[in-house]
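Structural overview
Below are the chains, spelled out letter by letter.
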Amino acid sequence: MSTRYGYIRVSSSDQNEDRQVRALAAQDIDSAHIYMDKLSGKDFRRPQYQNLLRCLLPGDQLYIVSLDRLGRNYEEVLKHWRLLTKIKKVDIVVLDMPLLNTRQHKDLLGSFIVDIVLQILSFVAQNERENIRKRQADGIAAAKLRGVRFGQPPRPLPENFEEVYSCWQAGQISTAEAARRTSMPRSTFRYKAKVFSVQQEKKLL
């Protein structure tokens, strides 16, 4: 006798999974057979999904609310769809896309239609993900051009930095000694000294 399973994925712990839970409950899926990950869909290294794979047997049915809940990486979605349907011999039901219901499309034409729809939707999902990443990168680049600084503000220089820098610049003390006097690693002192030198040159212009 086949078993119905459900899979839920949200991208982070603060996202709400209630809509997916209600949709799967409406399919009479036992809550013990519903697996949920709160992780990105960029790959399939998700603990609950991997646990689900180990439980699935030939003839079982896997329900997901939408294809992007399975994953967002185009090649990986296709790979795992084939793993589930061809190797594990599990039926998949995508609730918001009736065409992606392998229980109803057992003939050659039905499988062909499912493959086409799957590839199109997987491509659209990944393309949107890449567009979002590009828009974020473009936004960050534009903000940097406007002078917006990202990350933590730099720590202020020690009060004795300029004095120590002058001695170091004049060759009176070594880098190790300058770093010790300013309580910095040597690499940090050299970097701060380089930045300080540029700032001093700008003041003279």
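Residues numbered from 1 in each chain as written. Predicted model: local features only at pLDDT ≥ 70, side-chain atom pairs only at ≥ 80, totals over all residues. Heavy atoms only, no water.

Per an unreviewed UniProt entry, the recorded name for the chain is Recombinase family protein, and the organism is Candidatus Desulfovibrio intestinipullorum.

1. Notes on the pattern of salt bridges
On inspection of all chains with the given rule, the structure shows five salt bridges. Of the charged contacts, one joins Arg45 and Asp43 as a salt bridge, the two residues approaching to 3.2 Å between their closest N and O atoms. Assessed through its relative accessible area of 16%, Asp43 is described here as buried. Ionic pairing is found between Glu177 and Arg181, a salt bridge with its closest N-O pair at 2.9 Å. Placement of the pair is Glu177 and Arg181 together in helix H7 (residues 175-182), with a separation of four residues, close to one helical turn. Beyond isolated ion pairs, a larger network of salt bridges with shared partners links Glu177, Arg180 and Arg181. (Salt bridge = Lys/Arg side-chain N within 4 Å of Asp/Glu carboxyl O. Buried < 20%, exposed > 50% of the residue type's maximum accessible area, 1.4 Å probe, protein only. Helix = DSSP H or I, 4+ residues; strand = E, 2+ residues; numbered from the N terminus.)

2. So, helix H4 (residues 74-87)
For H4, which comprises 14 residues, the first-to-last C-alpha distance of 19 Å matches the rise-based estimate of 20 Å (1.5 Å per residue) to within 8%. Of all the residues in H4, the buried ones are Val77, Leu78, His80, Trp81, Leu84 and Thr85. In the stretch just after H4, Lys89 is the one whose phi turns positive, near 55°. (Expected span 1.5 Å × (residues − 1).)

3. Some points on the nonpolar core
Membership of the largest hydrophobic core comes to 23 residues, with the highest contact counts inside it found for Tyr49, Leu52, Trp81 and Leu100. Contributions of two or more residues to this core are made by strand E1 (4-10), helix H2 (47-55), strand E3 (61-64), helix H3 (67-70), H4, strand E4 (91-94) and helix H5 (108-145). No other element matches the four residues that H4 contributes to this core. Within the second largest apolar cluster, 11 residues are counted, among which are Val164, Ala178, Met184 and Phe196. (Core = buried A, V, L, I, M, F, W, Y, C linked by side-chain atoms within 4.5 Å.)

4. Side note on the packing of aromatic side chains
For the coordinates displayed, the defined rule picks out nine aromatic pairs. On the numbers, 5.5 Å between centres and 70° between planes, the contact of Tyr7 with Tyr49 is edge-to-face. With a gap of 42 residues between them, Tyr7 in strand E1 and Tyr49 in helix H2 connect regions that are remote in the sequence. Note on Tyr7: relative accessible area 0%, which makes it buried. On the numbers, 5.2 Å between centres and 90° between planes, the contact of Trp168 with Phe189 is edge-to-face. Of this pair, Trp168 sits in helix H6 (residues 161-169) while Phe189 sits in helix H8 (residues 186-204), placing them 21 residues apart in sequence. Look at Trp168 and you get partly exposed, because its relative accessible area is 23%. (Phe/Tyr/Trp six-rings, centres within 6.5 Å; stacked < 30°, edge-to-face > 60°.)

5. So, the side chain of Asp91
Relative to the assigned elements, Asp91 resides in strand E4. For Asp91, a relative accessible area of 13% translates into the label buried. At a separation of 2.9 Å, a polar atom in the side chain of Asp91 contacts the side chain of Thr102. (Polar contact = N/O pair within 3.5 Å; in protein donor to acceptor, adjacent residues only side chain to side chain.)

6. Here's the deal with the sheet that holds E1
If you walk across this open sheet you meet the four strands as E2-E1-E3-E4, and the pairing is parallel. The strands lining the two open edges of the sheet, one partner per strand, are strand E2 (34-38) and E4. Adjacent strand axes in the sheet meet at a mean angle of 20° when their direction is disregarded. Bridge count between E3 and E4: four bridges; the pairing is parallel. Bridge pairing in E4 links Ile64 to Val94. Against the sheet, helix H1 (residues 18-25) makes contact with E1, E2 and E3, and its axis sits at roughly 170° relative to E1, the strand it touches most. (Pairing = 2+ DSSP bridges. Axes fitted to C-alpha atoms, helices over the stretch in contact; angles between N-to-C directions. Contact = heavy atoms within 4.5 Å.)

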